[in-house]
Amino acid sequence: MDIHEEVNDCRLMDMTLVIQDNGIITDLFEKKMALYLYIPPHSAHSPGQLTGLVMGQVLRIFSLCSRTVDKQRHIKNFYDRLVRR
């Protein structure tokens, strides 16, 4: 293995960085085995918990994703996971 091997992508914590066309594209990194066990809406938590969960996740998506298509995909996936919960 060569230490000087050139790579165009990198996973860093919960995001993926890709060097493409002289720019950096950022996207969320999600593990395939993640269960996405969000708090159910009718739990004993305070009413603001669900609102905070939604607002926080949407803010996270918009902050970490650089392409609109990725933002839309992650928002749709998040919505679908919440509905299934």
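Scroll up for the structure.
Residues numbered from 1 in each chain as written. Predicted model: local features only at pLDDT ≥ 70, side-chain atom pairs only at ≥ 80, totals over all residues. Heavy atoms only, no water.

Asks: Sorry if this is basic, but what is going on with the overall build of the protein here?
Replies: Across its full length, the protein holds 2 helices and 3 strands. Beginning at the N terminus, the succession of helices and strands in the protein can be written as β-β-β-α-α. In terms of overall dimensions, the protein is more spread out than a globule: its C-alpha atoms have a radius of gyration of 16 Å, far above the 12 Å expected for 85 residues. Projected onto the principal axes, the alpha-carbon positions of the protein cover approximately 55 × 25 × 20 Å. (Helix = DSSP H or I, 4+ residues; strand = E, 2+ residues; numbered from the N terminus. Rg over C-alpha atoms; globule rule 2.2 N^0.38 Å.)

Asks: Looking at this structure, I do not really get helix H2 (residues 68–84). What am I missing?
Replies: Relative to the 24 Å expected for 17 residues at 1.5 Å per residue, H2 spans 24 Å between its end C-alpha atoms, a close match to the ideal helical length. Those residues of H2 lying buried are Asp70, Lys71, His74, Phe78 and Arg81. All buried residues of H2 lie within an arc of 100 degrees about the axis, which places them on one face of the element. Exposed side of H2, more than 90 degrees from the buried face: Thr68, Val69, Gln72, Lys76, Tyr79, Val83 and Arg84 are the residues found there. On the buried face of H2, the contacting elements are strand S3 (23–28) and helix H1 (48–64). (Expected span 1.5 Å × (residues − 1). Buried < 20%, exposed > 50% of the residue type's maximum accessible area, 1.4 Å probe, protein only. Arc of directions from axis to C-beta. Contact = heavy atoms within 4.5 Å.)

Asks: So what exactly am I meant to see when it comes to the pairing of strand S1 (residues 9–12) here?
Replies: Here is the key point about a regular strand: its side chains alternate between the two faces of the sheet. Pairing between S1 and strand S2 (residues 15–20): 4 bridges, direction antiparallel. Paired with Arg11 across the strands is Thr16, a residue of S2. Hairpin remark: S1 followed by S2, antiparallel, with 2 residues in the connecting loop; positive phi at Met13, about 55 degrees. (Pairing = 2+ DSSP bridges.)

Asks: Just checking my understanding: could you explain the nonpolar core for this structure?
Replies: Across soluble globular proteins, you tend to see nonpolar side chains buried next to one another. Met15, Leu28, Ile61, Leu64 and Cys65 form the largest nonpolar core, which has 5 residues in total. Ignoring anything within four residues of it in the chain, the contact list for Met15 reads Cys10, Thr26, Asp27, Leu28, Phe29 and Leu64. (Core = buried A, V, L, I, M, F, W, Y, C linked by side-chain atoms within 4.5 Å.)

Asks: It is not clear to me how the side chain of His74 should be interpreted in this structure. Could you clarify?
Replies: Inspection of the secondary structure assignment puts His74 in helix H2. Apart from residues no more than four positions distant in its own chain, His74 is found in contact with Asp27, Leu28, Glu30, Ile61 and Cys65.

Asks: Is there a simple way to explain unusual backbone geometry in this structure?
Replies: Negative phi characterises most residues that are not glycine, and trans characterises most peptide bonds. In this structure, Met13 is a non-glycine residue whose phi angle is positive, near 55 degrees. With respect to the helices and strands, Met13 occurs in the loop between S1 and S2. For Met13, a relative accessible area of 79% translates into the label exposed. The residue Asn22 is not glycine, and still its phi comes out positive at about 60 degrees.

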